[in-house]
Amino acid sequence: MTQVEFNEQWSVDELPACDTGMELLKHFADMHPEFTASYIRRLAWADEVDTFTAADPLWTAYVRHVSDCPHCNDL
Ligand SMILES: [Zn+2]
């Protein structure tokens, strides 16, 4: 996936992230083409993202960054 394709798909309100957060999210997206951004958004609306992704170290890294990062929650 190119950076442009990634930004088009993953820059959404449900996944607020700074540049570093988006980089972590891109790692996840690159490793998991089966998880599309629209699928993750549906899970986010239902508050079920963690149910499907909690065991994934790349997703965990993203979530941990977002919860610790003052910039991510600022957007
Ligand atoms: Zn951040």
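Our subject is the structure that appears above.
Rules behind the numbers
- Residues numbered from 1 in each chain as written.
- Predicted model: local features only at pLDDT ≥ 70, side-chain atom pairs only at ≥ 80, totals over all residues.
- Heavy atoms only, no water.
- Helix = DSSP H or I, 4+ residues; strand = E, 2+ residues; numbered from the N terminus.
- Buried < 20%, exposed > 50% of the residue type's maximum accessible area, 1.4 Å probe, protein only.
- Contact = heavy atoms within 4.5 Å.
- Polar contact = N/O pair within 3.5 Å; in protein donor to acceptor, adjacent residues only side chain to side chain.
- Donors = N, O, S within 2.8 Å, 3.2 Å for Na, K, Ca; no water.
- Tetrahedral: all angles 85-135°; square planar, octahedral: opposite > 155°, others 65-115°.

Caption draft 1: Region of interest: the environment of L15. Assignment of secondary structure puts L15 in the loop between α1 (3–10) and α2 (19–31). The exposure class of L15 is buried, given its relative accessible area of 5%. Separated by 18 residues in sequence, L15 and P33 have C-alpha atoms that sit 17 Å apart. Setting aside anything within four residues of it in sequence, one finds L15 in contact with W10, M22, L25, I40, W59 and Y62.

Caption draft 2: Structural context of the side chain of H32. Among the secondary structure elements, H32 is positioned in the loop between α2 and α3 (37–45). Exposure remark for H32: the relative accessible area of 15% places this residue in the buried category. In terms of polar contacts, H32 uses its side chain to reach the side chain of D56, at 2.4 Å.

Caption draft 3: The arrangement of the coordination of the zinc ion in detail. Surrounding the zinc ion are the protein donor atoms C18 (SG), H65 (NE2), C69 (SG) and C72 (SG), which sit 2.1 to 2.4 Å from the metal. Note that the zinc ion binds 4 donor atoms; their angles at the metal cover 101 to 119°, and the shape is tetrahedral. Going along the chain, you hit the donors of the zinc ion in the pattern C-x46-H-x3-C-x2-C. Separated by 51 residues along the polypeptide, C18 in the loop between α1 and α2 and C69 in the segment after α5 (57–68) bring together distant segments of the chain. Among the residues examined, C18 registers a relative accessible area of 14% and is labelled buried. Residue C69 is classed as buried on the basis of its relative accessible area of 7%.

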